[in-house]
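# Descriptive structure summary
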Number of protein chains: 2
Amino acid sequence: MSSSQIPEELETFYYTQRLDHFNYRPDSYTTFQQRYMVNSKYWGGAKLNAPIFAFFGAEEWVDDAIYYVGFLRDNAPQFNALNVYIEHRYYGKSIPFGSSEEAMRNASTRGYFNSAQALADYAAVLLHIKKTFSAQNSPIIVIGGSYGGMLASWFRLKYPHIALGALASSAPILYFNGIAPRAGYYHVVTNDFKETSESCYQTIRKSWSEIKRVAKSLNGLSILSKRFKTCKKLSKSFELEDYLDSIYTGAAQYNDPPVNVICDAIDAAAKKTDVLGQIFEGVIVSMPNRTCYDMDEFNHPSQTGLGWRWQMCSEIVMPIGHDRSDSMFQPAPFNMKEFVNKCNSLYGVLPQPHWVTTYYGGQDLKLILNRFASNIIFSNGLKDPYSSGGVLESISDSLIAVSSVNGFHCEDIHPETPSDPQWLISMRNTEVKIIKRWIQDYEADLALFKYKKVQAPKPQN
Amino acid sequence: MSSSQIPEELETFYYTQRLDHFNYRPDSYTTFQQRYMVNSKYWGGAKLNAPIFAFFGAEEWVDDAIYYVGFLRDNAPQFNALNVYIEHRYYGKSIPFGSSEEAMRNASTRGYFNSAQALADYAAVLLHIKKTFSAQNSPIIVIGGSYGGMLASWFRLKYPHIALGALASSAPILYFNGIAPRAGYYHVVTNDFKETSESCYQTIRKSWSEIKRVAKSLNGLSILSKRFKTCKKLSKSFELEDYLDSIYTGAAQYNDPPVNVICDAIDAAAKKTDVLGQIFEGVIVSMPNRTCYDMDEFNHPSQTGLGWRWQMCSEIVMPIGHDRSDSMFQPAPFNMKEFVNKCNSLYGVLPQPHWVTTYYGGQDLKLILNRFASNIIFSNGLKDPYSSGGVLESISDSLIAVSSVNGFHCEDIHPETPSDPQWLISMRNTEVKIIKRWIQDYEADLALFKYKKVQAPKPQN
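Residues numbered from 1 in each chain as written. Chains lettered and ligands numbered in written order. Predicted model: local features only at pLDDT ≥ 70, side-chain atom pairs only at ≥ 80, totals over all residues. Heavy atoms only, no water.

For chain A, the name recorded in an unreviewed UniProt entry is Lysosomal Pro-X carboxypeptidase, with Lupinus luteus as its organism.

Spelled out as structure tokens, the structure:
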């Protein structure tokens, strides 16, 4: 889309951000320009303590995120909210060291690229915005999806003095250090297909060994390349397998295309062709209008891909693997040792798989948080494979799980459309209602604790 | 004292600690040996989920702290607690870069010396101890005094998944960024003297101009040196003024000597000498058994002094100043610009006076925390000048202020003695009772949330 089609009237700003919030070396004082965007059209103003909705950019350009995130602009009018979108460091235009290439070039410049620093960035930007708008008492609701949802929930836990509450959409905060089962992700994908069509599930299940069998035969890779119309000849069958894996997981996660579209194509072809032919029919409906199929399509290097690979190899270590006998996929258990070696050879530093749970917690979540913390919505669509690492049970009356058996990844924060199903409308209404209650409680507290004369024996200044 | 007099049977351990928890540069992976000590004599064991008391070392050698901190050993028997004392990075023997001199030598090695890193150290050590003792379900109560008390309260806020609760003794967490009045510290000192003796207060109040008058007269500094028996001749009257300031604030803060001992000496001398003679009588009782008085006595360079000066010049910026007309002291308003320049010239980096409130909060504490967080005791003695930056009003039924009008700095965590006054016994009893309730609630939650089968739709691994 061109910028004239940006769905909100946004002003763009840059904040001079500190490179390292947790160090006092001269290097740490280096700064970079962090981008954020503001829509003040609906804002009720500081005098009314009108709220601020802050979207936390994640592994993407923040202007890209604005297209798929509708929650802020759809709800700002009824909340009289100021909408703010903040870009994550090392993504989009919020790049230290002059350029992405420079920032990602070596181990010393990459090191500052992590979630704790990103949260401290958000804290600094939000305090700056409050100051700029003289909005000291405006409550801030932080909103994010996927990794951005993790950031939103962690921010409420770490910076409750800055965010009143968080909407964490499809945030797999439990997919770390052995809390959620490693096989969860692929198990949900499998279930999505199995529930759609048992025969489709069986066909895909069988297809992996069939691909391997053909690959090993005389001219096998040529035959596979031809049958799957690959743009370049396959050099190993894994290229095709990985491509198919991406199609299936993408369908399960994003409903794009819907799983039943793939399964209908696969099932319909059963009478006229073999297993590989059926699988190819699934590819055709998933990747329309192609003259050939590019096995690298999902692996093209991008800022997002490169950035996220670094984050997963350093701090955000999600051990997604699978070796369940009922899986639709070939066994591929997560091997921490291999993973560590791969990351170390890529980046020259060791991943820290225990750090997320050390810094943010996650284990025994209900036990820990039932008497601590408040005001987080953990929303999940149970068709989303990442829901297997999400918080699916409410912890207290203000740490609330909002789940839908029908939902996919981050659907609740997507823009509203006239064709939204009732369950989705209802999910969003629940979220809006909860956030309204937080703000009401906050306003009552504000009157009680801030404007009432405090009786503590404070000496005058 | 020799080590045979160590008041607890402690085993000493060293944990290989990461230098920088918030960065993934190769440098960040450097490690150092962090010291901690354990007394398992009273521990009830992992099977009973017996608690862990963890003392957070602050700006001192942790083995020094053990002498003045009695709370753990006095209460471990009735709690069946494991006592742990953890040294703060850059103090005692927990020094990166080989030696204190090396670690403090330049801006690059000093930069890692800050509270956020120290809290992450404590998190790592405590998780390690839980693992070592197979004590996954043992609740941890963190305890600290003064700066260590700030660390304890901040730790409960940032790492609730590791500490069940915190006892923050005399922790001036509000003495930052304009929350508590800058003049608070000296105002409390003044009050301590004024309430003890109006004439003593008036004498000290008058003495500053008298010192200055004499200093300016012919041979004035010689006269002052002689009258105050200084070990070296004064080079300016400020040396004496600063020395007296330290005596008065020390008396107010630590009750050592008690303010009334100083005031009795000053008042008793009124009939036989002049103002300077009276002041000197106060010095004599404060610094007994001296043949001469060393104006540098409070400024001798020590690891504690050097470390704390760095911390105050970088992160822990407490703007203590005073210019109240009723002060016992000469006006000395805190001048941020001068402070910043001084620190910058000392260390080559700028202090960050906003950082503590950005990362830890503090503003509108009751508004922010009345529905967030739990299980912190903020204890203060109101005679302690630092109480002016303390939390003196309870925030909720588990964020509790325990104050005593009689108390001094950190008295509640000092070792019990047979001569303890009733108010101190009662203060400690209140704290013990609160901590017992936290642990009881936790045990009930443990049975409810951990051992009950969780009903969330979790896929099997």
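Next comes the rest of the account.
### Some remarks on the nonpolar core
Buried together is how nonpolar side chains tend to be arranged in soluble globular proteins. Test applied: To qualify as a nonpolar core, a set must consist of buried Ala, Val, Leu, Ile, Met, Phe, Trp, Tyr and Cys residues joined through side-chain atoms within 4.5 Å. A 1.4 Å probe rolled over the protein chains alone gives each residue an accessible area, and that area as a share of the maximum for its type sets the label: buried under 20%, exposed over 50%, partly exposed in between. Where helices and strands are cited, they refer to DSSP runs of H or I of at least four residues and of E of at least two residues respectively, numbered from the N terminus. A contact between two residues is defined here by any heavy atoms of the two lying within 4.5 Å.
With 230 residues, the main nonpolar core has Phe155 and Tyr248 of chain A together with Phe155 and Tyr248 of chain B as its most contacted residues. A total of ten residues in this core trace back to one element, the largest contributor, which is helix H5 (residues 115-132) of chain B. Not counting chain neighbours up to four residues away, the residues in contact with phenylalanine 155 of chain B comprise Phe56, Leu119, Tyr122, Ala123, Leu126, Val142, Pro160, Ile162 and Ala163 of chain B. Within the second largest apolar cluster, 33 residues are counted, among which are Met37, Ala81, Cys410 and Trp438 of chain B.

### Some words on the interface of chain A and chain B
Our working rule: Summed over both partners, the accessible area lost on bringing two parts together, with a 1.4 Å probe, is the buried area. A side-chain nitrogen of Lys or Arg and a carboxyl oxygen of Asp or Glu constitute a salt bridge if their distance falls within 4 Å. Any N or O atom pair separated by 3.5 Å or less is treated as a polar contact, with the protein-specific requirement of one donor-capable and one acceptor-capable atom, and with residues adjacent in sequence counted only for side-chain atom pairs. Charged residues are taken to be Asp, Glu, Lys and Arg, nonpolar residues to be Ala, Val, Leu, Ile, Met, Phe, Trp, Tyr, Cys and Pro, and polar residues to be all remaining types, Gly included.
The interface is formed by 72 residues belonging to chain A together with 72 residues belonging to chain B. Among the residues chain A hides against chain B, the three largest losses belong to Tyr24, Leu367 and Phe372 of chain A. Together they make up 12% of the total. Of the charged contacts, one joins aspartate 27 of chain B and arginine 25 of chain A as a salt bridge, the two residues approaching to 4.0 Å between their closest N and O atoms. Taken together, chain A and chain B are joined by 30 residue pairs in polar contact (both at pLDDT 80 or more). Examining the composition of the side of chain A that touches chain B, we find that six residues originate from one element, helix H17 (residues 422-450) of chain A, more than from any other. Its residues placed into classes, the side of chain A that touches chain B shows 35 nonpolar, 20 polar and 17 charged.

### A look at the state of the cysteines
Residue and element names in this part refer to chain A. Heads up, the rule is: Two cysteine sulfurs form a disulfide in these notes if their separation is within 2.5 Å.
Considering all chains together, one arrives at six disulfides over all chains under this definition. Each sulfur of the disulfide joining cysteine 200 and cysteine 263 lies 2.1 Å from the other. As the torsion about the S-S bond is roughly -70°, the cysteine 200-cysteine 263 disulfide counts as left-handed. Remark: cysteine 263 occurs in helix H11 (residues 259-268) and cysteine 200 occurs in helix H8 (residues 198-216); sequence separation between them is 63 residues.

### Things to note about the side chain of serine 388 of chain B
All names here are of chain B. Turning to its location among the elements, serine 388 is positioned in the loop between strand S7 (376-381) and strand S8 (399-404). Given the relative accessible area of 10%, serine 388 is considered buried. Engagement of the side chain of serine 388 in a polar contact is seen with the backbone nitrogen of tyrosine 185, the distance being 3.3 Å. Here proline 385 takes part through its backbone oxygen, which lies 2.8 Å from a polar atom of the side chain of serine 388.

### As for a nonpolar patch on the surface
Residue and element names in this part refer to chain B. Keep this limit in mind: The residues that make up patches have over 30% relative accessible area and no salt bridge, and they are joined within 9 Å when like-charged or within 5 Å when they are Val, Leu, Ile, Met, Phe, Trp or Tyr. For accessible areas, the Shrake-Rupley method is used with a probe of radius 1.4 Å. Any residue's cover is judged against the shown protein chains and nothing else.
A grouping of Val261, Ile284 and Val285 is seen on the molecular surface, where their side chains present a nonpolar patch of about 170 Å² in accessible area. Its place among the elements puts valine 285 in helix H12 (residues 275-286). Classification of valine 285 by relative accessible area gives partly exposed; the value is 32%.

### Quick word on the packing of helix H8 (residues 198-216) of chain B against H12 of chain B
All names here are of chain B. Let me state the cut-off plainly: Convention adopted: a line fitted to C-alpha atoms gives each axis, helices being fitted over their contacting stretch, and angles between N-to-C directions are expressed from 0 to 180 degrees. In a left-handed crossing the near helix is turned counterclockwise from the far helix by less than a right angle, and in a right-handed crossing that turn is clockwise.
Following both chains from N to C, one finds H8 and H12 inclined at 115°, their axes separated by 9 Å at the closest point. Between H8 and H12 the crossing geometry is left-handed. On the side of H8, the interface is formed by Thr203, Ile204, Ser207, Glu210, Ile211 and Val214, while H12 contributes Val275, Leu276, Gln278 and Ile279. Looking at the contact of H8 with H12, its residues break down into six nonpolar, three polar and one charged.

### Observations concerning the pattern of salt bridges
One pass over the structure, following the stated rule, counts 38 salt bridges over all chains. Between arginine 371 of chain A and aspartate 441 of chain B there is a salt bridge, with the nearest N and O atoms lying 3.7 Å from each other. Of this pair, arginine 371 of chain A sits in the loop between helix H16 (365-369) and strand S7 (376-381) while aspartate 441 of chain B sits in helix H17 (residues 422-450), placing the two residues on different chains. Take arginine 371 of chain A: its relative accessible area is 41%, and that puts it in the partly exposed class. Taking the relative accessible area as the measure of exposure, aspartate 441 of chain B reaches 26% and is therefore partly exposed. Ionic pairing is found between glutamate 195 of chain B and lysine 383 of chain B, a salt bridge with its closest N-O pair at 3.9 Å. A residue pair is termed long-range when its members are at least 10 positions apart, and glutamate 195 of chain B in helix H7 (residues 184-196) and lysine 383 of chain B in the loop between S7 and S8 qualify at 188 residues. Look at glutamate 195 of chain B and you get exposed, because its relative accessible area is 60%. It is possible to trace a salt-bridge network through shared partners that takes in Arg25 and Asp27 of chain A together with Arg25 and Asp27 of chain B.

### Thoughts on helix H10 (residues 237-254) of chain A
Residues and elements named next belong to chain A. Stated formally: Expected span of a helix, by definition, is 1.5 Å for each gap between consecutive residues, and there is one gap fewer than residues.
Its 18 residues give H10 an end-to-end C-alpha distance of 26 Å, which sits within 8% of 26 Å, the value for a rise of 1.5 Å per residue. The element H10 is extensively covered by neighbouring structure, given that 14 of its 18 residues are classed as buried. Of the residues trailing H10, asparagine 255 is marked for its positive phi of about 60°.

### Observations concerning the packing of helix H10 (residues 237-254) of chain B against H12 of chain B
Residues and elements named next belong to chain B. Applied cut-off: Put simply, angles under 35 degrees are roughly parallel, angles over 145 are roughly antiparallel, angles from 65 to 115 are roughly perpendicular, and the rest are oblique.
It is the contact of H10 with H12, at a shortest axis distance of 11 Å, that shows an interaxial angle of 60°. Relative to H12, H10 is oriented oblique. As for how H10 packs across H12, the hand of that crossing is left-handed. Listed contacts from H12 to Tyr243, Leu244, Ile247 and Tyr248 of H10 are Ile279, Val283 and Ser286. Residue classes in the contact of H10 with H12 are distributed as six nonpolar, one polar and no charged.

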